[in-house]
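The primary structure of each chain is shown beneath.
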Amino acid sequence: MASIVLPFQLAKTPPLPDPTMAMMTKNDLLRELPAIDRILHAPPLAEMAEDSPHTLLLEAAQEAVAEVRREILAGGQECDLSPQGIARRAAVLARTRLAPSLRPAINATGTLLHTNLGRAPLSEAALAAAAAVARGYSNLEFDLESGERGHRYTHIERLLCRLTGAEAATVVNNNAGAVLLALTALGRNREAIVSRGELVEIGGAFRIPDVMAAGGVRLREVGTTNKTHLSDYREAIGEETALLLKVHTSNYRIVGFTSSVSAAELVGLGRQHDIPVMEDLGSGMLLDLSPFGLPREPTVAEAVSAGIDVVTFSGDKLLGGPQAGLIVGRKSAIEAIRSHPMARALRSDKLTLAALEATLRAYLDPQGALREIPVLRMLAAPAEEIRKRSLRLSRKLRRALGEKAGVEIVAEPSQVGGGALPLTLLPGYAVAVTPQGISVDSLAARLRLGEVPVIGRVQENRLLLNPRTLQAGEEEPLVSALCAALKEDRSSR
Ligand SMILES: *Cc1c(COP(=O)(O)O)cnc(C)c1O
């Protein structure tokens, strides 16, 4: 039965404690609080003074005092009021603030292009190139032959043209920027025709209809979700048509009763009407990766040779380079894109260009690219190799963790991630860790919050650690992180 709500609170309130008594004790405690200066001179804060900014330590000491004060006022009787006791709290606060916020993490999820974990790790050559250019000055926009002003994109244009067969190429900040810029430069205040099956949302705010609106291009949708024919495009062409746009359905697949128009057919139609054709390839691949069990996807060179006028793709997806938006195609179109005022707002910096040039250079020798570029190496690693690495890791973990966790090897496929090849699973293995005494969620949380964050995949009551995405030298810190997370002397929940 529902309780009756009375208009007045009839229940007896408990007698109030004697306020003066309670406040006296609290005041006594508050009076005990040491002066800030004594806290700053107490260990471990005192030792930190040498290499930490004074204001940061001062702030931490003040906050630690404020924290203790709040605890006293809330009735806490057990606070350590010694200068060292408070200095210890302050040191914890100061250390978290001194640690960099953006820092390396170990990706043990097995997902190769984890956007939240920074997508593609760079090759050694790309890292070295970026560091060399960052350390001093460079010929970023300086033509060494003539001694005159040069252009920042010349450094990669020739390479990109060579690798893709395009007449011209340029680079912007990312592929979303490349699509926006190309649409605006080629179609502003006019129409672009797109298949209803290709109105992609990539995640975040990137949706093809919205990007078109932002670029001032009117969307002319044709066909249906599952089927679009060449005649649909043909019938939509009119005075206002500026572009035929094809978008790679990177992160989803329409299967069953479907049909779409190939790049070559669309190019044929475009030529008949003198309308340029653009394709957003999304990830974009320079190599055919089907020998490694990946689906056969058109490479950038194939899109170019089909006659697409403008092809855009990402630098940090399957290409395995830095974040960038690559645009290749016909000279006149690239020229219009490059000279658009928005190009400057989306421009790439020298670190990116250096890393991108080194990454692209590796592709001149496809075998070399497979060896040097981490994303390609991880993609191409056969299941048997992943099994061997899982075995090695599991032996190390068993030795290090003893009774604290169960360790076994399980079959576990990898995903490509980053919105590329959504249906592709790379067969492989993972080490499954079942913690004893704490829940798998608290183990995962401790690993995230450790000195070197480790990200695994929680599956039921175990944590899966997939060696496919571990980089060279990460096995030891991974084992140490697990040891630290499972140490007994921590408060366990
Ligand atoms: C990933 C993707 C984008 C966005 O690329 P970013 O490099 O992340 O900006 C655009 N279009 C398609 C089809 C994509 O797959």
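Keep in mind that this is a model prediction, so the values were computed, not measured.

**Student:** In this structure, what is going on with the UniProt feature "domain: L-seryl-tRNA selenium transferase N-terminal" (unreviewed entry) in the chain? I would like to understand it.
**Tutor:** Those places that UniProt annotates as "domain: L-seryl-tRNA selenium transferase N-terminal" (unreviewed entry) correspond, in this numbering, to residues 30–69. Taken end to end, residues 30–69 has its terminal C-alpha atoms 7 Å apart, with 70% of it in helix and 0% in strand.

**Student:** Would you mind showing me how to read the side chain of Asn175 here?
**Tutor:** The residue Asn175 is located in helix α8 (residues 175–187) in this model. Apart from residues no more than four positions distant in its own chain, Asn175 is found in contact with Asp280, Gly282, Thr312, Phe313, Ser314, Ala324 and Gly325.

**Student:** What exactly am I supposed to notice about the confidence of the model for the chain here?
**Tutor:** Parts of the model with low pLDDT should not have their predicted coordinates read in detail. Looking at the chain, the pLDDT average stands at 92 and 94% of residues meet or exceed 70. Taken together, the stretch residues 1–12 has pLDDT below 50 and engages in 0 contacts with residues farther than four places along the chain or on a different chain.

**Student:** I keep staring at the sheet that holds strand β12 (residues 325–329) and nothing clicks. Help me out?
**Tutor:** Paired through backbone hydrogen bonds, the strands of a sheet run either parallel or antiparallel to each other. Here we have 7 strands laid out as an open sheet, ordered β4-β12-β11-β10-β9-β5-β8, and mixed in their pairing. Lying at the two open borders of the sheet, with one neighbouring strand each, are β4 (168–172) and β8 (218–222). Between one strand and the next, the sheet's axes are offset by a mean angle of 25°, whatever the strand orientation. As paired elements, strand β5 (residues 191–195) and strand β9 (residues 241–247) share 4 bridges and run parallel to each other. By the bridge assignment for β9, Ala192 is matched with Leu243. Contacts from helix α11 (residues 263–273) reach β9 and β10 (277–280), with the element oriented near 175° to β9.

**Student:** Explain the pattern of salt bridges here, please?
**Tutor:** Where charged atoms of side chains with opposite charge meet at close range, the side chains can pair. Enumeration over the complete set of coordinates arrives at 30 salt bridges. In this structure, Arg392 engages Glu475 in a salt bridge whose closest nitrogen and oxygen atoms are separated by 3.1 Å. Of this pair, Arg392 sits in helix α18 (residues 383–401) while Glu475 is found in helix α20 (residues 475–485), placing the two residues 83 residues apart along the sequence. Taking relative accessible area as the criterion, Arg392 reaches 41% and is therefore assigned partly exposed.

**Student:** What is the right way to look at the site of the ligand in this model?
**Tutor:** In the region of the ligand, the neighbouring residues are Arg119, Asn174, Asn175, Ala176, Ile202, Phe206, His248, Ser250, Asp280, Gly282, Ser314 and Lys317. One of the side-chain nitrogen or oxygen atoms of Asp280 is found 2.6 Å away from a nitrogen atom of the ligand. When the ligand sits alone it has 380 Å² of accessible area, and the protein chains cover 94% of it. In terms of residue class, the shell around the ligand is built from 3 nonpolar, 6 polar and 3 charged.

**Student:** Would you explain α8 in this entry?
**Tutor:** Since the α-helix packs 3.6 residues into each turn, any two residues three or four apart lie on the same face. Between its first and last C-alpha, α8 extends 17 Å over 13 residues, near the 18 Å set by a 1.5 Å rise per residue. Of all 13 residues that make up α8, 10 are buried, and the element is covered over most of its length. Along α8, the residues that are buried comprise Asn175, Gly177, Ala178, Val179, Leu181, Ala182, Leu183, Thr184, Leu186 and Gly187. Remark: Asn189 follows α8 within two positions and exhibits a positive phi of approximately 65°.

**Student:** What is the right way to read helix α5 (residues 83–98) from this model?
**Tutor:** Under the 1.5 Å per step criterion, the end-to-end length of α5 is 21 Å for 16 residues, consistent within 8% with the ideal 22 Å. Inspection of α5 places Pro83, Gly85, Ile86, Ala87, Ala90, Ala91, Leu93 and Ala94 among the buried residues, and these make up the whole buried set. On the buried face of α5, the contacting elements are α2 (36–40), α3 (45–48) and α4 (54–73).

**Student:** Is there a simple way to explain the packing of helix α7 (residues 154–164) against helix α15 (residues 350–362) in this structure?
**Tutor:** How two helices sit against one another is set out by the angle between their axes and by the gap between those axes. Packing of α7 against α15 brings their axes to within 10 Å, and their N-to-C directions diverge by 30°. One element, α7, and the other, α15, form an angle in the roughly parallel class. Judged by the twist between their axes, the crossing of α7 over α15 is left-handed. Facing His155, Ile156, Leu159, Leu160 and Leu163 of α7, the residues of α15 in contact are Leu353, Leu356, Glu357, Leu360 and Arg361. Grouping the amino acids of the contact of α7 with α15 by side-chain chemistry returns 7 nonpolar, 1 polar and 2 charged.

**Student:** What should I look at first to understand the layout of surface pockets in this one?
**Tutor:** Empty pockets left among the atoms are what a rolling probe the size of a water molecule brings to light. There is about 530 Å³ of room inside the second largest pocket. If you go around the second largest pocket, you meet 29 residues; those closest to its centre are Glu198, Lys246, Val247, Thr249 and Ser260. Looking at the lining of the second largest pocket, the elements with two or more residues in it are β9 and α12 (300–305). In terms of residue class, the lining of the second largest pocket is made up of 9 nonpolar, 12 polar and 8 charged.

**Student:** Would you mind going over the packing of helix α6 (residues 124–135) against α15 with me for this structure?
**Tutor:** It is the contact of α6 with α15, at a shortest axis distance of 8 Å, that shows an interaxial angle of 145°. The handedness of the crossing between α6 and α15 comes out as right-handed. Between α6 and α15, the contacting residues are Ala125, Ala126, Ala129, Ala130, Val133 and Ala134 on the first element and Lys350, Leu351, Ala354, Ala355, Ala358 and Thr359 on the second. Looking at the contact of α6 with α15, its residues break down into 10 nonpolar, 1 polar and 1 charged.

Conventions used here
Residues numbered from 1 in each chain as written. Predicted model: local features only at pLDDT ≥ 70, side-chain atom pairs only at ≥ 80, totals over all residues. Heavy atoms only, no water. UniProt positions renumbered as here; feature names shortened; annotations may be inferred. Helix = DSSP H or I, 4+ residues; strand = E, 2+ residues; numbered from the N terminus. Contact = heavy atoms within 4.5 Å. pLDDT = per-residue confidence, 0-100. Pairing = 2+ DSSP bridges. Axes fitted to C-alpha atoms, helices over the stretch in contact; angles between N-to-C directions. Salt bridge = Lys/Arg side-chain N within 4 Å of Asp/Glu carboxyl O. Buried < 20%, exposed > 50% of the residue type's maximum accessible area, 1.4 Å probe, protein only. Near = heavy atom within 4 Å. Polar contact = N/O pair within 3.5 Å; in protein donor to acceptor, adjacent residues only side chain to side chain. Areas by Shrake-Rupley, 256 points an atom, 1.4 Å probe, with all protein chains shown as cover. Nonpolar A, V, L, I, M, F, W, Y, C, P; charged D, E, K, R; others polar. Expected span 1.5 Å × (residues − 1). Parallel < 35°, antiparallel > 145°, perpendicular 65-115°, else oblique. Left-handed = near helix turned anticlockwise from the far one by under 90°. 1 Å grid on protein atoms, 1.4 Å probe; cavity = no way out; pocket = protein on both sides within 12 Å on 5 of 7 lines; lining within 4 Å. Points joined across faces, edges and corners; volume = space filled by probe spheres on them.

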